[in-house]
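# Structure assessment
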Amino acid sequence: YSGDEDLLGLTLGVCLDLLKDPVTIPCGHSYCMNCIKSFWDEEDKKKIYSCPQCRQTFTARPVLLKSTMLADLVEELKKTGLQAAPADHCYAGPEDVACDFCTGRKMKAVKSCLVCLVSYCEKHLQPHYDVAPLKKHKLVEPSKKLQENICSRHDEVMKMFCRTDQQSICYLCSVDEHKGHDTVSAAAERTERQRELEVSRQNIQQRIQDREKDVKLLQQEVEAINQSADQTVEHSEKIFTELIHLIQKRSSDVKQQIRSQQETEVSRVKELEEKLEQEITELKRKDAELKQLSHTEDHIQFLHNYPSLSALSDYFEDVTAAVSEVRDKLQDILREEWTKISLTVTEVDVSLPQAEPKTRAGFLKYSCEITLDPNTAHKQLLLSEGNRKATAVNQQQSYSDHPDRFTGPWQVLIRESLTGRCYWEVEWSGEQAYVAVAYKNISRKGGIECRFGHNDKSWSLDCNNNSYTFRYNNIQTPVSGPRSSRVGVYLDHRAGILSFYSVSETMTLLHRVQTTFTQPLYAGLWVYSYGDTAELIKVK
C-alpha cells in the first residue's frame, strides 16, 4: 500500500494503487517494485538510498526481492474485490486522527506507529500484524502529534534524551550540539521517569488513604459528639425536671406550713383579742377610777393605783424572714451549681489532633485571658495588677474566710477553668517561684499534701536562679534549660499535653507531660519567700 498521497504521489512519484510486484525493503515498508526502483534511480546521484516513508537511509542500494506473501494478499484482494464502503462513523472527523494511507475520504486511525511516524486505519494497519519486521514497531493509540517525534534540525526520529538539557534528541544531535552531554535512550529515560511516576502515585495514594482515614476519624468524632451531647441534654433535662418537682414540693410544704402557722397565730390573736376586749372594759372602769383618783391630793395613793398597759407586736415578722432566708440559700445553691455546669459545657474541638506550635507566634494564637481568684489566695499574698500579680508579704491581708482559700503554702489559683488548647506566660522574680496547673478539688487546708506538685491533682515547675525542677505526685524530675525570668505554659487538655517553655528571644522546651486529664484545670502560682513575685503576663 503505497503511502501518503502528498508525500509519495506528488513528490516521489510513487503510485497509490494496489501493489504491483510488491517488495519489502530492509526498514520493513513495502512498495511496487517499479515504484521504488524509480525512486532510488533518482537518488543514485547522492549514493544514499532512503525509505520514502520513514526516511531510513541505506549506504548500499538494497537488493529487491519480491514479497510472495504480499503478492498473494494482493491477488486475493483482486479476486474478492474491495470491501463494501465503511459506515459514516468509521470516517475521520475534524476531531479524529485520520489514517495517513487512505486516499480520498480518510478513515479513522486505530493506531499510530512510533517507528513509521504514521497513523493507520484498521485496514492499512494489517501489515504491522503480518509482516515480521513490522511486528517489532511500537504501536500506540492514534496521535496527531507524531511529527513532534521528528528532530526539526536533522529530520530524524528522536529516540534519545539529553538529561543535561532535559529534552528529546535524535542520534545526530548526540554527536553534534549535545556532544559530551549526559544522554540516554528515550526508553531508558522513560523507565526512570516511570519509576518516579509510580513513586509519586504511591505517595498520592498513601495520602488519599491517610485523608480518608482522617475523614473517618472526623465522622466518628462527630458521632461521638452528637451522642455525648444527646446524653448530656437528656441527663440535664432529667436533673432539672427533678429539681422543678423538688421546688414545687418545697413550695407546697412551705405553703402548708404557712397556713398551719396562720391558723395557729389567728387562734392566738383571737384569744388576745378577747383578752384585750376584757382589758378595754377593765381599763374603762379603771379610767373612771383614775379620773376620780386624779382629783386626790394624796401623791402616794395616786402612784399606787396608776395602771401599766402592754403593747402588741408583729407576729409574722419571724416567718417572713425565715422564708426569705430559704429563698436566698436556694438561689445561692442554684447559682453555684449552674457555674459548675457551665464550666463543664465547653466548646468542642472538632478537628484532627493538632501538632504543638513551633514558634512563639504559633503559641500566641492560643493565648488566654486569665486572672487570679482572690478567694483562693493565701493571706500572705498581695494581689495586684488587676488580680494578675501575686507578691509574698509580711503582713497578712484582710481576706474573708472562704473554703477555697489555701491556708498552708503561699499559693493562688485562677478564676477561669482551662479545658481546650491554652497558652499563658508567667514572669517571676525573687528567690523561687512555682508555675503550676491543678484540679479544682486540690486540698486547700494543711501542709505538704496541698502543695503544687506534691499530690496527684497538680503539676508544677519549680523555678529558681540555679535550676528547674518538675514535680508531680511528689516525684521530682530535674529539668535542664536556659535560665529565664519568664515561663510559657502550653496546655492541650483534650490531647493530655502540658508543656513548659523558657521564654526569652527564643522559646526552649523545658519539660512536656503526656497524660489524661479527667477534670478542667486551673493555672496556679506559688511564691516561696517574702518579696518574691509571680505575674500572669498579658501576651500579644
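Now for a description of the structure that goes with this document. (Residues numbered from 1 in each chain as written. Predicted model: local features only at pLDDT ≥ 70, side-chain atom pairs only at ≥ 80, totals over all residues. Heavy atoms only, no water.)

## As for the overall build of the protein
What counts is decided by this rule: Under the scheme used here, helices are H or I runs from DSSP no shorter than 4 residues and strands are E runs no shorter than 2 residues, and both carry numbers assigned from the N terminus. By definition, residues are in contact when any of their heavy atoms lie within 4.5 Å. The protein chains shown are the only cover counted for residues, whose accessible areas, like all others here, come from Shrake-Rupley with a 1.4 Å probe.
Within the protein, the regular secondary structure consists of 10 helices and 23 strands. In the protein, once contacts between residues fewer than 6 apart in sequence are set aside, the share between residues at least 24 apart is 55%. Total accessible area on the protein is roughly 34300 Å²; 51% of this is exposed by carbon and sulfur atoms.

## What about the pairing of strand β18 (residues 475-479)?
Basically, it comes down to this: Pairing between strands is defined by DSSP: at least two bridges between the two strands are required.
Where strand β17 (residues 468-472) meets β18, 5 bridges bridge the pair, whose relative direction is antiparallel. The residue of β18 that forms the bridge with threonine 469 is proline 478. What sits between β17 and β18 in their antiparallel hairpin is a turn of 2 residues, with asparagine 473 showing a positive phi close to 55°.

## A short note on the sheet that holds strand β5 (residues 111-113)
Spatially, 3 strands are ordered β6-β5-β7 in an open sheet, and the strand pairing comes out antiparallel. Single-partner strands in this sheet number two, and they are β6 (118-120) and β7 (139-140). Bridging between β5 and β7 involves 2 bridges; their strand directions are antiparallel. Looking at β7, one finds that serine 112 is bridged to valine 140.

## A few points about the nonpolar core
Cut-off, in case you're wondering: Remark: nonpolar core denotes a set of buried residues (Ala, Val, Leu, Ile, Met, Phe, Trp, Tyr, Cys) joined through side-chain atoms within 4.5 Å. Only protein chains enter the accessibility calculation, which uses a 1.4 Å probe; a residue is then buried when its area is under 20% of its type maximum, exposed when over 50%, and partly exposed in between.
Counting residues in hydrophobic clusters, the biggest one holds 49 residues, and the most contacted among them are Trp424, Trp459, Leu461 and Leu498. Apart from the residues lying within four places of it in its own chain, the contact partners of tryptophan 424 are Cys368, Ile370, Leu418, Val437, Val487, Gly488, Val489, Leu491, Ala523 and Leu536. In this structure, Cys27, Tyr31, Met33 and Ile36 belong to the second largest nonpolar core, which totals 13 residues.

## So, the pairing of strand β14 (residues 421-429)
Taken together, the 7 bridges between β14 and strand β19 (residues 486-492) define a ladder with antiparallel strand orientation. Each bridged residue has a counterpart across the sheet, and for arginine 421 the counterpart in β19 is aspartate 492. Here 5 bridges tie β14 to strand β23 (residues 533-537), and the two strands are oriented antiparallel to one another. Residue pairing in the sheet places glutamate 427 in a bridge with glutamate 535 of β23.

## As for the sheet that holds strand β8 (residues 160-162)
Heads up, the rule is: In this analysis an axis means a line fitted to C-alpha atoms, helices contributing only their contacting stretch, and an angle means the value between N-to-C directions, from 0 to 180 degrees.
Taken in spatial order, the 3 strands line up as β9-β8-β10 in an open sheet, and their pairing is antiparallel. Each having just a single partner strand, β9 (167-169) and β10 (183-185) make up the two edges of the open sheet. With strand direction ignored, the average angle separating the axes of adjacent strands in the sheet is 35°. Examined bridge by bridge, β8 and β10 share 3 bridges and lie antiparallel to one another. Bridging across to β10, cysteine 162 finds its partner in threonine 183.

## Structural notes on helix α2 (residues 33-43)
Threshold: Directions from the helix axis toward the C-beta atoms define the arc.
Residues Met33, Cys35, Ile36, Phe39, Trp40 and Glu43 constitute the buried set of α2. Buried positions in α2, seen along its axis, are confined to an arc of 165° and lie on one side of it. The exposed residues of α2 that point more than 90 degrees off its buried face are Asn34 and Glu42.

## Some thoughts on the state of the cysteines
Heads up, the rule is: Note on terminology: pairs of cysteine sulfur atoms within 2.5 Å are recorded as disulfides.
Counted according to the given criterion, the structure contains 0 disulfides. Cysteine 99 forms no disulfide, and the closest cysteine sulfur to it belongs to cysteine 102, at a distance of 3.6 Å.

## Notes on the pattern of salt bridges
Stated formally: Salt bridges are counted wherever a side-chain nitrogen of Lys or Arg sits within 4 Å of a carboxyl oxygen of Asp or Glu.
Taken as a whole and judged by the stated rule, the model has 19 salt bridges. The salt bridge partner of arginine 193 is glutamate 189, with a shortest N-O separation of 2.9 Å. In this pair, arginine 193 and glutamate 189 are both assigned in helix α7 (residues 186-293), 4 residues apart and thus about one turn of the helix distant. On the basis of relative accessible area, glutamate 189 is assigned to the buried category, the value being 6%. Sharing partners across several salt bridges, the network here consists of Arg360, Glu425, Glu427 and Arg486.

## Structural notes on the packing of aromatic side chains
This is how it is decided: Aromatic rings from Phe, Tyr and Trp, with only the six-membered ring used for Trp, were paired whenever their centres fell within 6.5 Å, and each pair was classed as stacked if the ring planes differed by under 30 degrees, edge-to-face if by over 60, and tilted otherwise. We call a charge positioned above a ring when the Lys NZ or Arg CZ atom is no farther than 6 Å from the ring centre and deviates by at most 35 degrees from the ring normal.
Summed over the entire model, instances satisfying the criterion amount to 14 aromatic pairs. Between phenylalanine 101 and tyrosine 120, the ring centres sit 5.2 Å apart and the planes meet at 25°, which makes this aromatic pair stacked. Placement of phenylalanine 101 in the loop between α3 (68-80) and β5 and of tyrosine 120 in strand β6 is noted, with a sequence separation of 19 residues between them. The two residues phenylalanine 101 and tyrosine 120 agree in class, both being buried. A ring pair is formed by phenylalanine 363 and tyrosine 490, whose centres lie 5.4 Å apart and whose planes are at 75°; its orientation type is edge-to-face. Taken together, the residues span a long stretch of sequence, with phenylalanine 363 in helix α10 (residues 360-364) and tyrosine 490 in strand β19 at a distance of 127 residues. For tyrosine 490, a relative accessible area of 1% puts it in the buried group. Sitting above the plane of the tyrosine 91 ring, arginine 105 keeps its charged end 3.9 Å from the centroid. Against the face of phenylalanine 406 rests arginine 444, its NZ or CZ located 5.1 Å from the ring centre.

These figures capture arrangement, not role.
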